[in-house]
Amino acid sequence: MSLAGAREALDRLVRDVPDYPEPGVVFKDITPLLADHAGLAAVVAGLAEAGRDEAGRPVVDVVVGMEARGFILGAPVALALGAGFVPVRKAGKLPRETHAVSYDLEYGSATLEMHTDAVRAGSRVLLVDDVLATGGTARATVDLVERCGAEVVGVAVLMDLAFLPWRETLGEVAVTTLMSVGAEPSLDAP
C-alpha cells in the first residue's frame, strides 16, 4: 500500500470532534479508522514505510510505541517490519527496572518509562504514535531509546499538528507523518 492510500484512509475515516476535551479544541478521533480493516491496513503499511529502505527492506530491529495509541499502531507496524515491539509507558506502569524521562506539557509535566533492557545497544529503532503535537512525548522517547545505546531511525505518526513546534523539539530526527493538520503533509523519512 502507498502513502497516498494511507492518507486517503485518514481523510475518509478520522472524525473531527469539536470542543473536546475542552472548548476551542478540535479532537481527531481515530476510532473509526481503527474499526475499518482496509483503513487500518493502509495506515499500518504507510507507517511501516518509515522503517524500510529505498528497496523496501526493513531497516529497524525494534518498533517503540508510546502510550497509549502508539501501542495500537506500533505493534502491527512491528509485525509488518519483522521487528520486535517495545512499549513506552507512563510512570509507574512497568514492573521492572526502568529508564525514565520527564518533560513539560502545555499544562504541567509528564514522565515516560521504558525497561532498561527493552532495547539492545546498537539496535535501530522506529518510534510510532498517533499524533505529533509539541514533540515532547516523541523527544522523551528518543532520549529513552538513546539511553539504552540504540539508534532512532525515525518517528512515524498518523498526523502532525503543523501549527505546533514539534520540529523544533525533535531537531534532526527523521519524521514521517501521514497527515498534516494545518499545513501540507510532510515526509522526511530516512
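Before going into details, it helps to say that this report is about the structure given with it. Everything numeric here is computed off the predicted structure, so don't read it as measured data.

All right, on to the side chain of Glu113 then. Tracing the sequence through the fold places Glu113 in strand β6 (residues 108–115). Buried within the structure, Glu113 lacks any salt-bridge partner; its nearest side chain of opposite charge belongs to Arg89, at an N-O separation of 8.6 Å. In terms of polar contacts, Glu113 uses its side chain to reach the backbone amide nitrogen of Gly92, at 3.1 Å.

Taken in spatial order, the seven strands of this open sheet run β5-β6-β4-β3-β7-β8-β9, and their pairing is mixed. Edge positions in the sheet fall to β5 (98–105) and β9 (175–181), since each has one partner strand and no second. Geometrically, the sheet is characterised by an average inter-axis angle of 20° between neighbouring strands, direction not taken into account. Sheet topology places strand β4 (residues 84–90) next to β6; two bridges connect them, and they run antiparallel. Within β6, the residue paired with Lys90 across the bridge is Leu112. On top of the sheet, helix α4 (residues 69–81) reaches β3 (62–66), β4, β7 (124–132) and β8 (151–161); it is set at about 140° to β7, its chief contact. Contacts from helix α5 (residues 136–147) reach β3, β4, β5, β6, β7 and β8, with the element oriented near 155° to β5.

Reading the values: rules and limits
Residues numbered from 1 in each chain as written. Predicted model: local features only at pLDDT ≥ 70, side-chain atom pairs only at ≥ 80, totals over all residues. Heavy atoms only, no water. Helix = DSSP H or I, 4+ residues; strand = E, 2+ residues; numbered from the N terminus. Buried < 20%, exposed > 50% of the residue type's maximum accessible area, 1.4 Å probe, protein only. Lys, Arg positive; Asp, Glu negative; His and termini not counted. Salt bridge = Lys/Arg side-chain N within 4 Å of Asp/Glu carboxyl O. Polar contact = N/O pair within 3.5 Å; in protein donor to acceptor, adjacent residues only side chain to side chain. Pairing = 2+ DSSP bridges. Axes fitted to C-alpha atoms, helices over the stretch in contact; angles between N-to-C directions. Contact = heavy atoms within 4.5 Å.

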